[in-house]
Amino acid sequence: MWQSPWKLRQGLLFGFGVLLVGTLLQLAVGAVSWTAIAYPRNLFCAIAFFSLVATLYALRARFPFVRFIASLPSALSALFYAILLLAIMGITAQTPDATTAETTPFQQMTALWAFVLVFAWIAFIVAFVTLRQLHHFRIQKLPSLLSHLGLLFALGASALGSADLQRLQLHAERGRPEWRAVNSRDEAIDLPFLLRLDSVIESTNKGFPQQTNAVTISTKDAPSFSARIAINHPLDIGAYKVYHSQSVKGNQHLPTSARFEIVYDPWQPFVYLGFGLLLAGAILSIVKAGFHSSSTKL
Amino acid sequence: MTWDSFLYFALSSIFCWALGALMAWRSHRRMAHLFTAVGSCIFLLFILGLWHTLERPPFRTMGETRLWYAFFLPAIGLAIYSRWHYRWMLTFSTLLASVFATINILHPEMHDKWLMPALQSPWFIPHVIVYILAYALLGVATIVATYLLFARTSTPHNKLRLCDHLTALGVACLTLGMLLGAVWAKDAWGHYWTWDPKEIWAALTWSIYLLYIHFRHYAPQHWRTALLLLLIAFVALQICWWGINYLPSAITTSVHVY
């Protein structure tokens, strides 16, 4: 049964084992805490992961298990279990930020070790396959290489970067510069810039209320500048992105303040690099795909 | 150019597209290309004229977004037909473009009905168009798969290659749709992925199709199992598209349920 080379049956049993290990981990150490790998730990994880993949790739001839992990049966099994977990997610209301007595583990799937291990397995396979395709580069495999590399960057950067992702709320009174924001745990965070709300322009555009906030931004290293923030028109300030949230009316029913959501996402460039590679892979696969059959009249 | 002229441009375009689709079924490829291209040019003339009159790109109202669907579907359908000669492609794109154009003809009150601010994004139209194309390609793959599963035949190599090809194209379009949606969400809401039920089902659907593609490489002889996977994937696709509106887990939590 367990003689090498392992096939699909062994792969599915291995995957069951991964779920079991994840469950035991959950019971032993509790839920996954993504903030535990905040910078620089997430960077060390990335370096360690790539080093491990590169080392195992170099030693693949010696270890049948390594050859199995990077094989198609392993990929099929990993996909199977990922689909299973996603299906459970799809039929249970996810409440990642709210835990009550009624909350089941499946409602916080991203906090389950089983989920993390299955996706780490997929990341390993994708990294290994990418390395193999780079090592034995063929132009015909370029769409596949770009897709795998893009998926690796997108999955890896978004997972590791989630530990550094901050979503802050800033309440700005008109005319008063503000630099303090609040995170989801109601902790005050000092921002590296000042935001002054100059005015809130309210208009009704074809039946829809539209709010545009005129602001002035001041930073230490650059001159102040004015900008406008509205829905679909956020403002970039370095790794911070400022989004319109809502305005608050005063006694005269005029907006006297506004609330902004500020997202700090330093890993976004790597996620977007992944997106770009995935996009290139998808477009190339469309362009290069070939099917011609005169006997199939469709 | 105003919406008052739309009826004439739309009917002319639909007529040309329909002729193009007919020529495709009769394997008159040049005429199919010519008529479809002429239809698209007529439609584009209207769009450009409206753009000039409005003095802004026509992306803001429900009527205007339907103009782009009606324009791009035959254009991309023509590109797919040109490359792979699927005779049904021009019929599909003509039908769908006609639906969007007809809605605009029958509902003039929608011409100036502005989209809600969150939908006024340059990512909205391409996101929807690539998903419509993906659904078309994967829908046909499902029809072929269903036929093969019930037909008593030895290994149908040609039709299996057709399934593989349609699925590969469809998955590429699904990938584009997901990426465009993620970038749009980041621009609008600050988060490219929030595990919203729509996003979960999109990832689930994508993963099942990937499973099919990889399984076909691994075990080409087990084609019936692979085709069953296609049917399961199509069910997931339907749930993602409209089924989540009825899922108890999604009704109260999804921003995509209206």
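This text gives an overview of the structure that appears in the document. As a convention, each chain's residues are numbered from 1 in the sequence order in which they are written. In the order they appear in the text, chains get letters beginning with A and ligands get numbers beginning with 1. Since the coordinates come from a predicted model, pLDDT governs what is reported: local features require at least 70, and pairs of side-chain atoms require 80 or more to be given and counted, while whole-chain, interface and lining totals use all residues. The basis for every side-chain value is the complete set of non-hydrogen atoms in the structure, without hydrogens or water.

## Remarks on the layout of surface pockets
Every definition here rests on a 1 Å grid over the protein atoms only: cavities are sets of points where a 1.4 Å probe fits but cannot get out, pockets are open sets enclosed by protein on both sides within 12 Å along at least five of seven lines, and lining residues have some atom within 4 Å of a point. Grid points are joined across faces, edges and corners, and a volume is the space filled by probe spheres set on the points. Approximately 440 Å³ is the volume found for the second largest pocket. As for the second largest pocket, its lining consists of 18 residues, of which A:Gln211, A:Ala230, A:Ile231, A:His244 and B:Pro117 are closest to the centre. Helix and strand assignments follow DSSP, with helices taken as H or I runs no shorter than four residues and strands as E runs no shorter than two, numbered in order from the N terminus. Contributions of two or more residues to the lining of the second largest pocket are made by β4 (208-219) and β7 (240-249) of chain A together with α6 (157-189) of chain B. Put simply, Ala, Val, Leu, Ile, Met, Phe, Trp, Tyr, Cys and Pro go in the nonpolar bin, Asp, Glu, Lys and Arg in the charged bin, and everything else, Gly too, in the polar bin. Considered class by class, the residues forming the lining of the second largest pocket number nine nonpolar, seven polar and two charged.

## Examining a nonpolar patch on the surface
Residue and element names in this part refer to chain A. A residue counts toward a patch only above 30% relative accessible area and without a salt bridge, and it is joined to like-charged neighbours within 9 Å or, for Val, Leu, Ile, Met, Phe, Trp and Tyr, to nonpolar neighbours within 5 Å. Areas reported here follow the Shrake-Rupley algorithm with a probe of radius 1.4 Å; residue values treat only the protein chains shown as occluding. Whenever Lys or Arg places a side-chain nitrogen within 4 Å of a carboxyl oxygen from Asp or Glu, that contact is recorded as a salt bridge. Residues Phe16, Leu20, Leu24 and Leu27 make up a contiguous nonpolar surface patch of about 460 Å² in total accessible area. Along the chain, Leu20 falls in helix α1 (residues 8-29). Judged by relative accessible area, which is 47%, Leu20 ranks as partly exposed. Burial classification: accessible surface area is computed with a 1.4 Å probe over protein chains only, and a residue below 20% of its type maximum counts as buried, one above 50% as exposed, and the rest as partly exposed.

## Section: unusual backbone geometry
A:Pro40 follows A:Tyr39 through a cis peptide bond whose omega is 10°. By the secondary structure assignment, A:Pro40 is in the loop between α1 and α2 (41-58). In this model, B:Trp195 sits at a positive phi of 55°, which is unusual for a non-glycine residue.

## A word on the packing of aromatic side chains
Residue and element names in this part refer to chain A. Between the rings of Phe, Tyr and Trp (Trp by its six-membered ring), a pair exists once the centres lie within 6.5 Å; its type follows the angle of the planes, with under 30 degrees stacked, over 60 edge-to-face, and the other angles tilted. A complete count under the given rule lists 34 aromatic pairs over all chains for this structure. Residues Phe14 and Trp121 carry aromatic rings whose centres are separated by 5.1 Å and whose planes lie at 80° to one another, so their mutual orientation is edge-to-face. Of this pair, Phe14 sits in helix α1 while Trp121 sits in helix α5 (residues 113-135), and the two are 107 residues apart along the sequence. By relative accessible area, which is 6% here, Trp121 ends up buried. With centroids separated by 5.6 Å and ring planes inclined at 25°, the aromatic side chains of Tyr272 and Phe275 adopt a geometry described as stacked.

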